[in-house]
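So the chains spell out like this:
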Amino acid sequence: MPDFQEAMGLQPQQSVTRLGMVLYHGIESGPQLREYAELAEAAGYESLWVTERYFHEETFALLGFLAAVTRTIKLGVGVTNPYTRHPALLAMASATLDRICGGRFILGLGRSERAVIQERMGIPYGPPRATLEEAVGMIRSLLAGQRVNTTTGRLTLRDARLAITPVQHALPIYVAAIGPRALRLAGAVADGVLLNAYVPPGYVRYAVHEIRQAARAAGRDPQAIDIACMLVVRLTNDLGQMLPSLKQRLVRLLEEPYVGEILLDKGGFDPALLAPLRTAAAQGRHVEAASLVSEAMVEAFYLAGTATQCHARLEEYRAAGVDLPLLLPRLEDYQATVEALRSEGHQDPGKSPSP
């Protein structure tokens, strides 16, 4: 039976500019997941990522399926953590996935949250940056075929060596970061950095500077670190109609301690609005809280508007230092986003360029 790409008369092509897609939650079946993957692959996207959201679809099950039904597109997880899965399990999963997909897997690691890891699951939540640093080193050693025996750090592994190795000689490990210490850790130890969704270009410029400086201080090539950033996409011809819901989402983001401060400060907005916003939100005055979020903030934190406007915003992020933009639409908008925002210069087979 011909596969999706053959049936559509499409063949995967190399992207002219780097661009990735992210699958949101709500996958209902294997055929649906396969269709989403093949849409991105046929359209020339460089990579396809899944995110880990607790009590939703299990990340590595999705990745195993994607590894079997794709041929050329890279596959990433953005992100898992070294608490719910020990680094030895993450190394096993990474090596296995890389073998199944023929050397296309990217491992993304993050710190998760104490509220979920320890308070909800009862898993001890050690110092996040130190734990992440140890996890990256342990996973790298295991993937390189080395025997690991460590009992003195925050992570324990006694006399272990993987029986399998990945296809990639150096399987890439990306680290998620938002604050200065996490950004500097990523610059010092990671192959790539995953910047959070809902970050404005001004913050990106700051983050890239921190990452490059840390890499240089660690004796690494600053330009060798791949800067990826998830960008929340809302394709629409009527942004005004969508503004209330977009503002409400930003209220929830800005309620987070420290996150609101750094995103507004580095993004070029006044952090003084956080106190009244948080007070209004805490007291249930949600309309008032949302009124403190300006339209300019919505435009800075989202890729929102027409396809032309979203393409222009993509270029803003590239100019700010993003090497690999990762598009995160709602699942119901996935196909429209794939088609509307594919890399400029990509062309469907059988279609000639306009004269």
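Structure report, in brief. Quick caveat: nothing in here was measured; it's all calculated off a predicted structure.

**With respect to the environment of Ala-40**
Here Ala-40 shows up in helix 2 (residues 30-42). A sequence separation of 277 residues divides Ala-40 from Tyr-317, and the C-alpha atoms of the two residues are 21 Å apart. Excluding anything up to four places from it in sequence, Ala-40 contacts Met-21, Tyr-45, Ile-73, Tyr-334 and Val-338.

**Digging into the nonpolar core**
Counting residues in each nonpolar core, the largest one holds 120 residues, and the members touching the most others are Leu-23, Tyr-45 and Phe-301. Among the elements that make up this core, the one with the highest residue count is helix 9 (residues 239-254) (eight residues). Residues Tyr-54, Val-116, Ile-117 and Tyr-125 belong to the second largest nonpolar core, which totals five residues.

**Let's talk about the side chain of Thr-80**
With respect to the helices and strands, the residue Thr-80 is situated in strand 3 (residues 74-80). The exposure class of Thr-80 is buried, given its relative accessible area of 1%. Here Glu-52 takes part through its side chain, which lies 3.2 Å from a polar atom of the side chain of Thr-80. Sequence-distant contacts of Thr-80, defined by excluding residues within four places in its chain, comprise Glu-52, Phe-60, Arg-85, Leu-90, Leu-107, Gly-108, Leu-109 and Gly-110.

**Overview of the packing of aromatic side chains**
Per the stated rule, a full pass over the model turns up seven aromatic pairs. Here the aromatic rings of Tyr-54 and Phe-55 are separated by 6.3 Å at their centres, their planes lie at 55 degrees, and the arrangement is tilted. Ring centres 5.9 Å apart and planes at 55 degrees place the aromatic pair Tyr-203 and Tyr-206 in the tilted group. Here the residue Tyr-203 and the residue Tyr-206 both occupy positions in helix 8 (residues 201-217), the gap between them amounting to three residues, near one helical turn.

**Concerning the environment of Val-175**
Tracing the backbone shows Val-175 in strand 7 (residues 173-177). Between the C-alpha atom of Val-175 and that of Glu-133, which follows or precedes it by 42 residues, the distance is 9.5 Å. With residues up to four places along the chain from it excluded, the contact list for Val-175 reads Leu-109, Leu-132, Val-136, Ala-186, Ala-190, Gly-192, Val-193 and Leu-194.

**Some thoughts on helix 8**
For helix 8, spanning 17 residues, the distance from its first C-alpha to its last is 24 Å, which sits close to the expected 24 Å at 1.5 Å a residue. Burial runs high along helix 8: twelve of the 17 residues are buried. Of the positions making up helix 8, those classed as buried are Pro-201, Gly-202, Tyr-203, Val-204, Tyr-206, Ala-207, Val-208, Glu-210, Ile-211, Arg-212, Ala-214 and Ala-215. Gly-219 lies just past helix 8 and shows a positive phi near 80 degrees.

**What about the side chain of Arg-104?**
Among the structural elements, Arg-104 can be located in the loop between helix 4 (87-101) and strand 4 (105-109). For the buried residue Arg-104, which engages in no salt bridge, the nearest side chain bearing the opposite charge is Glu-41, 4.5 Å off. Polar contacts involving the side chain of Arg-104 include one to the main-chain carbonyl oxygen of Ile-73, which spans 2.5 Å. If we ignore the near neighbours within four places in the chain, the residues touching Arg-104 are Ala-67, Thr-70, Arg-71, Thr-72, Ile-73, Lys-74, Leu-75, Asp-98 and Gln-168.

Reading guide: rules and limits
Residues numbered from 1 in each chain as written. Predicted model: local features only at pLDDT ≥ 70, side-chain atom pairs only at ≥ 80, totals over all residues. Heavy atoms only, no water. Helix = DSSP H or I, 4+ residues; strand = E, 2+ residues; numbered from the N terminus. Contact = heavy atoms within 4.5 Å. Core = buried A, V, L, I, M, F, W, Y, C linked by side-chain atoms within 4.5 Å. Buried < 20%, exposed > 50% of the residue type's maximum accessible area, 1.4 Å probe, protein only. Polar contact = N/O pair within 3.5 Å; in protein donor to acceptor, adjacent residues only side chain to side chain. Phe/Tyr/Trp six-rings, centres within 6.5 Å; stacked < 30°, edge-to-face > 60°. Expected span 1.5 Å × (residues − 1). Lys, Arg positive; Asp, Glu negative; His and termini not counted. Salt bridge = Lys/Arg side-chain N within 4 Å of Asp/Glu carboxyl O.

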